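Architecture and fold: a report
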Amino acid sequence: MNLSRGILLATSNKGKLKEIRQILGEVVHVQFYTLSDVNAENFDVEENGKTFKENALIKAKAYAEKFGFVTLADDSGLEVDYLKGAPGVKSARYAGTGAKDSDLYNKVLKELKGVPSEKRTARFKCVICLYDPEDVSYIFSEGVCEGVISTIPAGSNGFGYDPVFIPDGFAPKTIAELDPKIKNSISHRGRALEALKSKLLQN
Ligand code: ITT
């Protein structure tokens, strides 16, 4: 896999983009491109996979083939045990299209209303796919962050479901109350990117 021409970060989620740049920028010293850098903001990819892994590959492959860059895609989300793994791959659209982050986490809080703390277990999962269109090679890396769903939202760091997710070892703080550096060191995305770094160093 040849990274010398840089990596296209194929995400329209600003929260993800910030974290990927922060974490990967420290270890992979190549040029990063965003979707706006390559005029790809209106390029739409249907995420119709059943798993995070399928969707990460669908996104990375589609952008890589269309724009000709080695492309990194992240598919991630929240799995709540009491909700049988929902919102899962539907995390971004759990409250319908165009919903705000607060609509997403308030929906989960509502569905868990009255559920005792020991049954509020959940995890964030992230699968990253790095796809090289030149030699048609790709690698995956994965990360998980275990925790529980709070009863009220708290904190303003991060994005998405962060205000209602209490990572193991940090109670009673939600991930949105933690310093971003701490989030990156324990998060599903931080772990997936660390694993990616190890794989790249092996190659
Ligand atoms: P791209 O596909 O353009 O990357 P997206 O937001 O649509 O952006 P996903 O389909 O992977 O991405 O959906 C992931 C959703 O899961 C995301 O929108 C958040 O609601 C949630 N999520 C993922 N990582 C998160 C994190 O670190 N903190 C909070 N919520 C997160």
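Preceding this paragraph is the structure being described.
The following refers to the structure shown. (Residues numbered from 1 in each chain as written. Predicted model: local features only at pLDDT ≥ 70, side-chain atom pairs only at ≥ 80, totals over all residues. Heavy atoms only, no water.)

1. Considering the packing of helix α1 (residues 14-25) against helix α5 (residues 188-202)
- It is the contact of α1 with α5, at a shortest axis distance of 10 Å, that shows an interaxial angle of 40°. When the axis of α1 is compared with that of α5, the two are oblique. Once α1 is placed against α5, the crossing between them reads as right-handed. Where α1 abuts α5, its residues Lys16, Glu19, Ile20, Ile23 and Leu24 lie against Arg189, Gly190, Leu193 and Leu196.
- Split by residue class, the contact of α1 with α5 holds five nonpolar, one polar and three charged. (Axes fitted to C-alpha atoms, helices over the stretch in contact; angles between N-to-C directions. Helix = DSSP H or I, 4+ residues; strand = E, 2+ residues; numbered from the N terminus. Parallel < 35°, antiparallel > 145°, perpendicular 65-115°, else oblique. Left-handed = near helix turned anticlockwise from the far one by under 90°. Contact = heavy atoms within 4.5 Å. Nonpolar A, V, L, I, M, F, W, Y, C, P; charged D, E, K, R; others polar.)

2. Observations concerning the site of the ligand
- Within the structure, the ligand sits among 21 residues, and Thr11, Lys16, Lys59, Asp162 and Lys183 are positioned closest to it.
- Note that an oxygen atom of the ligand is positioned 2.9 Å from one of the side-chain N or O atoms of Asn13.
- The side chain of Lys183 places a nitrogen or oxygen atom 2.8 Å from an oxygen atom of the ligand.
- Breaking the shell around the ligand down by element, the ones donating at least two residues are β3 (70-80) and α5.
- Considering each element in turn, the shell around the ligand owes the most residues, four residues, to β3.
- For the shell around the ligand, the class distribution of residues is five nonpolar, eight polar and eight charged. (Near = heavy atom within 4 Å. Polar contact = N/O pair within 3.5 Å; in protein donor to acceptor, adjacent residues only side chain to side chain.)

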